[in-house]
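Chain by chain, the residues run as shown.
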Amino acid sequence: MIAIFFYYVFYASAVFIYGAGIDRAVSLVDKRRHLALKASKMIICTSSTSALSYLFVNGLLVPADLGELYPFAVVLIFSAISVFTEAIIRITAKVNAAEFGVTLLFIFIALSESASLSGCVFISCVCVLSFFLCIPLLYAISRRIELEERRHEHEKTMIVLASVAVIAIILLCWNVSWLNKGVFRW
């Protein structure tokens, strides 16, 4: 489990490598209010939806040879859970913590790359952790750009996204096949 944790948090970061939620992470850099509340809602939604979806897909859809319908079932399960948790958060904290696209992408990553129920829930939670760990890094990049000189918001967003691309390339460059010893035979 520790290898899976480090794999999905750092090397195969859901944000940097899969690209899930890059635009949302960049937009959350400027709107950091209630970030802990959004993180807790996302953890609750991803873990519960991943577990229920895994059980539903492997218990009902796969035995009935309807496995190709799993995205539809996942969206239905996620919608019900998301609306319920959003209603609870709005009633108790009076804050909008709606997050649909990114959370759903994390659930699909977990469902497609796990072999067990515990692995599915763990991968989905680690993807959420990876998402919220990249926000301070993107905030640091954004602050560095602001300190350098005043730029338009559009230019700043483009530079932050270019920085994300550089980070993704750095994360992937250690596994380059042309660095193998067999390639440099003279």
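Small disclaimer: the values here were computed from a predicted structure and weren't measured.

What counts and what doesn't
Residues numbered from 1 in each chain as written. Predicted model: local features only at pLDDT ≥ 70, side-chain atom pairs only at ≥ 80, totals over all residues. Heavy atoms only, no water. Phe/Tyr/Trp six-rings, centres within 6.5 Å; stacked < 30°, edge-to-face > 60°. Helix = DSSP H or I, 4+ residues; strand = E, 2+ residues; numbered from the N terminus. Buried < 20%, exposed > 50% of the residue type's maximum accessible area, 1.4 Å probe, protein only. Patch = residues over 30% accessible without salt bridge, like charges linked within 9 Å, V, L, I, M, F, W, Y side chains within 5 Å. Areas by Shrake-Rupley, 256 points an atom, 1.4 Å probe, with all protein chains shown as cover. Salt bridge = Lys/Arg side-chain N within 4 Å of Asp/Glu carboxyl O. Core = buried A, V, L, I, M, F, W, Y, C linked by side-chain atoms within 4.5 Å.

Q: What am I meant to see in the packing of aromatic side chains here?
A: By convention here, two paired aromatic rings are described through the distance between centres and the angle between planes. For the coordinates displayed, the defined rule picks out four aromatic pairs. When the centroid spacing of 6.1 Å and the interplanar angle of 75° are considered together, the rings of tyrosine 70 and phenylalanine 108 count as edge-to-face. Of this pair, tyrosine 70 sits in helix α4 (residues 70-92) while phenylalanine 108 sits in helix α5 (residues 101-113), and the two are 38 residues apart along the sequence. Taken together, a centroid distance of 5.0 Å and an interplanar angle of 90° make the contact between phenylalanine 131 and phenylalanine 132 edge-to-face. For the pair phenylalanine 131 and phenylalanine 132, a shared accessibility class is recorded, and that class is buried.

Q: Looking at this structure, how should I read a nonpolar patch on the surface?
A: Residues Ile2, Phe6 and Phe10 make up a contiguous nonpolar surface patch of roughly 330 Å² in combined accessible area. Mapping phenylalanine 10 onto the fold places it in helix α1 (residues 2-11).

Q: Is there a simple way to explain the nonpolar core in this structure?
A: For soluble globular proteins, the rule of thumb is that nonpolar side chains tend to be buried together. Formed by 40 residues in total, the largest nonpolar core has its most connected members in Met42, Phe106, Ile109, Phe131, Phe132, Ile135 and Leu138. The element that contributes the greatest number of residues to this core is helix α6 (residues 117-148), accounting for twelve residues.

Q: How should the pattern of salt bridges be read in this particular structure?
A: A side chain with one charge can pair with a side chain of the opposite charge if their charged atoms come near. Tallied over the entire structure, the rule returns two salt bridges. In this structure, glutamate 86 and lysine 41 form a salt bridge, with 3.8 Å as the shortest nitrogen-oxygen distance. Of this pair, glutamate 86 sits in helix α4 while lysine 41 sits in helix α3 (residues 35-61), and the two are 45 residues apart along the sequence. A relative accessible area of 10% places glutamate 86 in the buried class. Residues glutamate 86 and arginine 90 are paired through a salt bridge, measuring 2.9 Å at the closest nitrogen-oxygen approach.

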